[in-house]
Amino acid sequence: MSATIQSPPGAPFSRIMGIGSYRPVRVVDNAEMCTMIESSDEWIVQRTGISERRWAGEDETIHYMSVQAARQAMERGGVTGEDIDCVIVATVTHMTQFPAIAPQIALELGAQGAPAYDISAACAGFCVGLAQADALVRSGAATNVLVIGVERLTDITNLTDRSTAFLFADGAGAAVVGPSDEPKIGPVVWGADGAAADVLKMTRMWDDETNEEKPTVYMEGQAVFKWASQTVARKTTEMLDKAGLKVEDLDLFVPHQANNRIIDAMMRTLRMPESVTVARDIKRQGNTSAASIPLAIETLYEEGLAKSGQTALIVGFGGGLIFAGQVIVLP
Ligand SMILES: CC(C)(COP(=O)(O)OP(=O)(O)OC[C@H]1O[C@@H](n2cnc3c(N)ncnc32)[C@H](O)[C@@H]1OP(=O)(O)O)[C@@H](O)C(=O)NCCC(=O)NCCS
């Protein structure tokens, strides 16, 4: 006789309860950048939209930045560490292969004992983490999930490589996801292309004994650019379709902040009306990978361009290659 397994129901839907972020103190503008690489402010602004970026100091560790961003998200969401029953940290720059950093962050936040794990989805990490959080809340596996996107990309960037140095930066963002009576996180549209693993990767393995220098980011910029502005851009329409929305229903568009021209291409594909506010946080933040979307949302709040209850399309994309995106209602 087969036993009957009980499966208690989860929440009908989920929502983001609070968002937080942390920006490193040190600002590096293009003039300073150009003391390290042969380039110009004009070229960097024209090709990417970046004017300055934030680089983490020694004390602004993955752990520290995560805790700062998470505390803000939890405070705004009205939850304490005891309420959090799952912590997901999206990062590709936690330099200890194992253990994951998430359990240590959970401990510091007072969520000791809660399941906690890292995910490696590069610049898609925040949206992938959000999709997991949504599924966990609706399945009943968790009630309040903390999702953190955090990077210290400068640790793996060759700051004298003119093909990458001016792009990458550091920071953290976080969101608390909890139960909701109405759908406030739309269905995720996501995917990956392992055949293109080599276009954005680390230069070599950590244990390559033939070379004493640490591995850094290698990027075929044009291949990544084409994939993001064509393949991922086309997928953004699916993100709206699956949520049953039209582009006119959006208040905000917050894509991963990788390049202004990729954002422009996505807007053309979506036939974005002027009524939609588009995040351009790349200008001040550079590319912070898994942290870029919550950081960009924070900036929109600060500028008075984002308000609670507004509808936003978010989409992350990057190394893997991996992409993920969904429609959300802002807390
Ligand atoms: C990196 C990127 C800005 C480079 O722009 P690009 O137009 O592809 O640049 P290219 O490498 O084709 O080089 C074009 C010219 O600029 C020059 N150039 C390259 N890097 C330069 C720099 N840092 N400063 C000044 N000139 C530069 C090249 O020498 C070349 O000159 P030439 O035409 O005289 O030969 C662009 O490819 C990009 O943003 N790609 C997407 C990257 C991305 O978003 N990655 C993260 C995804 S998560």
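Residues numbered from 1 in each chain as written. Predicted model: local features only at pLDDT ≥ 70, side-chain atom pairs only at ≥ 80, totals over all residues. Heavy atoms only, no water.

We now examine the overall build of the protein chain. Secondary structure summary: the protein chain contains nine helices and 14 strands in total. At 19 Å, the protein chain has a C-alpha radius of gyration in line with the 20 Å of a compact globule built from 331 residues. Judged by the C-alpha coordinates and their principal axes, the protein chain covers about 65 × 50 × 40 Å. The burial tally for the protein chain puts 54% of its 331 residues in the buried class. Considering only residue pairs separated by 6 or more positions, the protein chain has 77% of its internal contacts joining residues 24 or more positions apart. If you average the places of the 27 positive and of the 41 negative side-chain charges in the protein chain, the two averages end up 7 Å apart. (Helix = DSSP H or I, 4+ residues; strand = E, 2+ residues; numbered from the N terminus. Rg over C-alpha atoms; globule rule 2.2 N^0.38 Å. Buried < 20%, exposed > 50% of the residue type's maximum accessible area, 1.4 Å probe, protein only. Contact = heavy atoms within 4.5 Å. Lys, Arg positive; Asp, Glu negative; His and termini not counted. Charge placed at Lys NZ, Arg CZ, Asp CG, Glu CD.)

So, about the site of the ligand. Ser 39, Arg 47, Arg 162, Gln 222 and Asn 259 are the nearest of the 20 residues found near the ligand. Contact distances for the ligand include 2.7 Å between an oxygen atom and a side-chain N or O atom of Arg 47. Here an oxygen atom of the ligand and a side-chain polar atom of Gln 222 are 2.4 Å apart. Here the ligand loses 70% of its free accessible area of 960 Å² to cover by the protein chains. At the level of secondary structure, the elements contributing two or more residues to the shell around the ligand comprise helix H2 (41-48), helix H6 (221-243) and strand S13 (311-318). By residue number, the principal contributor to the shell around the ligand is H6, which donates four residues. Of the residues contributing to the shell around the ligand, the split by class is nine nonpolar, eight polar and three charged. Both domains that furnish three or more residues to the shell around the ligand are identified here as domain 1 (13-180) and domain 2 (189-329). (Near = heavy atom within 4 Å. Polar contact = N/O pair within 3.5 Å; in protein donor to acceptor, adjacent residues only side chain to side chain. Areas by Shrake-Rupley, 256 points an atom, 1.4 Å probe, with all protein chains shown as cover. Nonpolar A, V, L, I, M, F, W, Y, C, P; charged D, E, K, R; others polar. Domains from an automatic or database assignment.)

Mapped onto the fold, Asn 144 is located in the loop between helix H5 (125-139) and strand S6 (145-152). Under the relative-accessibility criterion, Asn 144 is labelled buried at 10%. In contact with Asn 144, other than residues within four places in its own chain, are Met 17, Asp 83, Ile 84, Asp 85, Cys 86, Val 177, Gly 178 and Pro 179.

On to the environment of Phe 168. Assignment of secondary structure puts Phe 168 in the loop between S6 and strand S7 (170-180). Residues within four places of Phe 168 in sequence aside, it is in contact with Arg 53, Trp 55, Leu 153, Thr 154, Thr 157, Val 217, Met 219 and Asn 287.

Two elements in contact, H6 and helix H7 (residues 260-270), have axes separated by 9 Å at closest approach and are oriented at 40 degrees. Accordingly, the angle class assigned to the pair H6 and H7 is oblique. In terms of crossing hand, the pair formed by H6 and H7 is right-handed. Together, Phe 225, Ala 228, Ser 229, Val 232, Ala 233, Arg 234, Thr 236, Thr 237 and Leu 240 of H6 and Arg 261, Ile 262, Ala 265, Met 266, Thr 269 and Leu 270 of H7 make up the contact between the two elements. (Axes fitted to C-alpha atoms, helices over the stretch in contact; angles between N-to-C directions. Parallel < 35°, antiparallel > 145°, perpendicular 65-115°, else oblique. Left-handed = near helix turned anticlockwise from the far one by under 90°.)

Domain parsing of the protein chain yields domain 1 (13-180) and domain 2 (189-329). Summed over both partners, the interface of domain 1 with domain 2 buries about 3600 Å², with 61% contributed by carbon and sulfur atoms. On the domain 1 side of the contact with domain 2, Arg 23, Cys 123 and Cys 127 bury the most area, a combined 18% of that side's loss. Taken together, the connections running from domain 1 to domain 2 amount to three salt bridges. For the salt bridge of Arg 284 with Glu 52, the shortest nitrogen-to-oxygen distance reads 3.7 Å. At the boundary of domain 1 with domain 2, the tally comes to 16 residue pairs in polar contact (both at pLDDT 80 or more). Contributing elements (two or more residues each) for the side of domain 1 that touches domain 2: strand S1 (13-22), H2, strand S3 (52-55), helix H3 (62-77), H5, S6 and S7. Its residues assigned to classes, the side of domain 1 that touches domain 2 shows 23 nonpolar, 16 polar and ten charged. (Buried area = accessible area lost by both parts, 1.4 Å probe. Salt bridge = Lys/Arg side-chain N within 4 Å of Asp/Glu carboxyl O.)

So, on to the sheet that holds S7. Where strands meet in a sheet, backbone hydrogen bonds hold them as pairs that are either parallel or antiparallel. Reading across the sheet, the five strands line up as S1-S7-S6-S4-S5 and stay open at both edges, with mixed pairing between neighbours. Lying at the two open borders of the sheet, with one neighbouring strand each, are S1 and strand S5 (116-119). Each adjacent strand pair in this sheet contributes to an overall mean axis angle of 20 degrees, direction not counted. Bridge count between S1 and S7: nine bridges; the pairing is antiparallel. Directly across from Gly 18, in S7, lies its bridge partner Val 176. Strands S1, S6 and S7 of the sheet are contacted by H3, whose axis makes an angle of about 130 degrees with S1. (Pairing = 2+ DSSP bridges.)

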